[in-house]
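# Coordinate inspection notes
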Amino acid sequence: MGVGLLVFGWFAGGVSPLLKGLAPALRTSSLLLMGVGGLLLLAQALPRWLAARRTTEIPAAAPRPERREPTLKVAYDANAAREVLRAEGSAAPVAAQATAAPAESALPQAPTRWGPEVFAVIEWRRFEAVVEQLFAQAGFTTRAQSHGPDGGVDVWLHSRHAQGPVSVVQCKHWQGRQVPVSAMREFFGVMASHGLKRGTYATTSRFTSDALAFAKANGINAQDGESLLKLIASRTPEQQAALLATALEGEYWRPTCPSCGVKMVEPRGQKFWGCPNYGPRGCRTKIYKTRTSAARTLPT
């Protein structure tokens, strides 16, 4: 349009005196229109030019290496299992590591309701937590020690109506092995040392007849696996659900080191669980696998 007005004013000035007087105004308008047109062309072309320049001058970013998440986030050192194997005197080069993350199909099936299978799949620390919660639901104030020397007491029971502990609890997470009378005598000695006349001995297994007779004569409440399941069944559905959640909390199938309170590792090809804090001056605790736990052994 600017160019057209400029040409029209130039020809019109030679044709009519009136149009000749308008020629300066037409030239000004034509120059203004050509300036606006030039700016519009520049605004349209500049982004394309900049984009083309970035494409040619900026090299493509190097592809990032694929980041692989660890299959299992654990707090222990995998070298611990190697040390445990060295302690066993393995002659072959030690290539064992801590148990890798199991595939979902290898994990023990989590029970959905209470039954003997719950006691079969959980480790000893989860069993103690269940027993402690049972007494808490009954109205006692409980105090437990997660690891370390316990002096023969796993749970202390306190009542708001008395000062000091009113009873103590000993827990044994055993599979297939009966609690003998000797263990009951030791527990009675612990009760006497604290001046207590009441105590509870809880186990996932059973008691020998001598152990039951001694318990009855000395104020010991002997609770085997069957009795504990009956006690749990007497709780409300909400309480039973809370107890099951406690039993299956975290890695409920992996043993806890009784000395250090950390989850143990499973050296490749060994028949025991080892403490990750193993060392010349560290923890040397091992938990040997039972037939039941061996059936739940995870892939190495």
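Residues numbered from 1 in each chain as written. Predicted model: local features only at pLDDT ≥ 70, side-chain atom pairs only at ≥ 80, totals over all residues. Heavy atoms only, no water.

## Here we look at the overall build of the protein chain
Note the following rule: Only DSSP runs of H or I reaching four residues or more are called helices, and only runs of E reaching two or more are called strands; each is numbered from the N terminus. Exposure classes here rest on a 1.4 Å probe applied to the protein chains alone. A residue is buried below 20% of its type maximum, exposed above 50%, and partly exposed in between. Any two residues having at least one pair of non-hydrogen atoms within 4.5 Å are treated as being in contact. Only the protein chains shown count as cover for residues, and all accessible areas are computed by the Shrake-Rupley method using a 1.4 Å probe.
Tallying secondary structure elements over the protein chain gives 10 helices and 7 strands in all. Of all 300 residues assigned to the protein chain, the portion counted as buried reaches 36%. Here the analysis covers contacts within the protein chain between residues at least 6 apart in sequence; of these, 57% occur between residues at least 24 apart. Surface exposure of the protein chain reaches about 18,500 Å², of which carbon and sulfur atoms provide 58%.

## Description of the sheet that holds strand β5 (residues 220-223)
For clarity, the cut-off: For two strands to be treated as a pair, DSSP must find at least two bridges joining them. For helices, the axis comes from a line fit to the C-alpha atoms of the stretch in contact; other axes are also lines fit to C-alpha atoms, and the angle between any two N-to-C directions lies between 0 and 180 degrees.
Taken together, 5 strands build an open sheet; the order of strands is β1-β2-β3-β4-β5 and the sheet is mixed. Two strands close off the open sheet at either side, each with one partner strand: β1 (141-144) and β5. Adjacent strand axes in the sheet meet at a mean angle of 20°, parallel and antiparallel pairs treated alike. As paired elements, strand β4 (residues 199-203) and β5 share 4 bridges and run parallel to each other. Note that in β5 the partner of Ala-202 across the bridge is Gln-223.

## Quick look at the packing of aromatic side chains
The relation between two aromatic rings is expressed through the spacing of the ring centres and the mutual angle of the planes. The following threshold applies: Aromatic contacts are taken between Phe, Tyr and Trp rings whose centres are within 6.5 Å, Trp giving its six-membered ring; a plane angle under 30 degrees counts as stacked, one over 60 as edge-to-face, and the others as tilted. Remark: a charge is flagged as sitting over a ring if the NZ atom of Lys or the CZ atom of Arg is within 6 Å of the ring centre and within 35 degrees of the ring normal.
Enumeration over the complete set of coordinates arrives at 7 aromatic pairs. With centroids separated by 6.0 Å and ring planes inclined at 70°, the aromatic side chains of Phe-135 and Phe-140 adopt a geometry described as edge-to-face. Among the residues examined, Phe-140 registers a relative accessible area of 28% and is labelled partly exposed. Aromatic rings pair up to connect Trp-114, Phe-119 and Phe-127 into one cluster. Positioned over the ring face of Phe-272 is Lys-286, at 4.8 Å from the centre of the ring.

## Observations regarding the environment of Trp-114
Relative to the helices and strands, Trp-114 is located in the loop between α3 (79-87) and α4 (116-121). Overall, Trp-114 belongs to the buried group, its relative accessible area being 16%. Considering only alpha carbons, one finds Trp-114 and Ile-232, 118 residues apart in sequence, at a separation of 8.1 Å. Those residues in contact with Trp-114, other than ones at most four positions away along the chain, are Phe-119, Val-130, Leu-229, Ile-232, Gln-240, Leu-243, Leu-244 and Ala-247.

## What to know about the pairing of strand β2 (residues 155-158)
Pairing analysis gives 4 bridges linking β1 to β2, with the strands arranged antiparallel. Considered in β2, the bridge of Thr-141 is made with His-158. Summarising the sheet, β2 and strand β3 (residues 165-172) pair through 4 bridges and their orientation is antiparallel. The residue of β3 that forms the bridge with Trp-156 is Val-168.

## Quick look at the pattern of salt bridges
As a reminder, the rule being used: For this analysis, a salt bridge means a side-chain nitrogen from Lys or Arg found within 4 Å of a carboxyl oxygen belonging to Asp or Glu.
Scanning all chains against the criterion turns up 6 salt bridges. Across the salt bridge formed by Arg-206 and Glu-226, the nearest N and O atoms sit 3.5 Å from each other. On the criterion of sequence distance, the pair formed by Arg-206 in the loop between β4 and α7 (209-217) and Glu-226 in helix α8 (residues 225-233) is long-range, its members being 20 residues apart. Look at Glu-226 and you get partly exposed, because its relative accessible area is 44%. Its salt-bridge partner being Glu-226, residue Lys-230 comes within 3.8 Å of it at the nearest N-O pair. Taken together, the positions of Lys-230 and Glu-226, both in helix α8 and 4 residues apart, correspond to about one turn of that helix. Shared partners join several salt bridges into a network, and the residues in it are Arg-206, Glu-226 and Lys-230.

## Some points on the confidence of the model for the protein chain
To be explicit about the condition: Confidence scores per residue from the predictor, reported as pLDDT, run from 0 to 100.
Residue-level pLDDT values for the protein chain average 76, and 66% of them are 70 or greater. For the stretch residues 54-105, pLDDT sits under 50, and the model shows 53 contacts to residues farther than four places along the chain or on other chains. Across residues 294-300 the pLDDT falls below 50, and counting only partners more than four positions away or on other chains, this stretch makes 20 contacts in the model.

## So, the state of the cysteines
To keep it simple, the criterion reads: Any two cysteine sulfur atoms within 2.5 Å of one another count as a disulfide.
Considering all chains together, one arrives at 0 disulfides under this definition. Take Cys-275: it sits in no disulfide, and the sulfur closest to it among the cysteines is that of Cys-257, at 3.6 Å.

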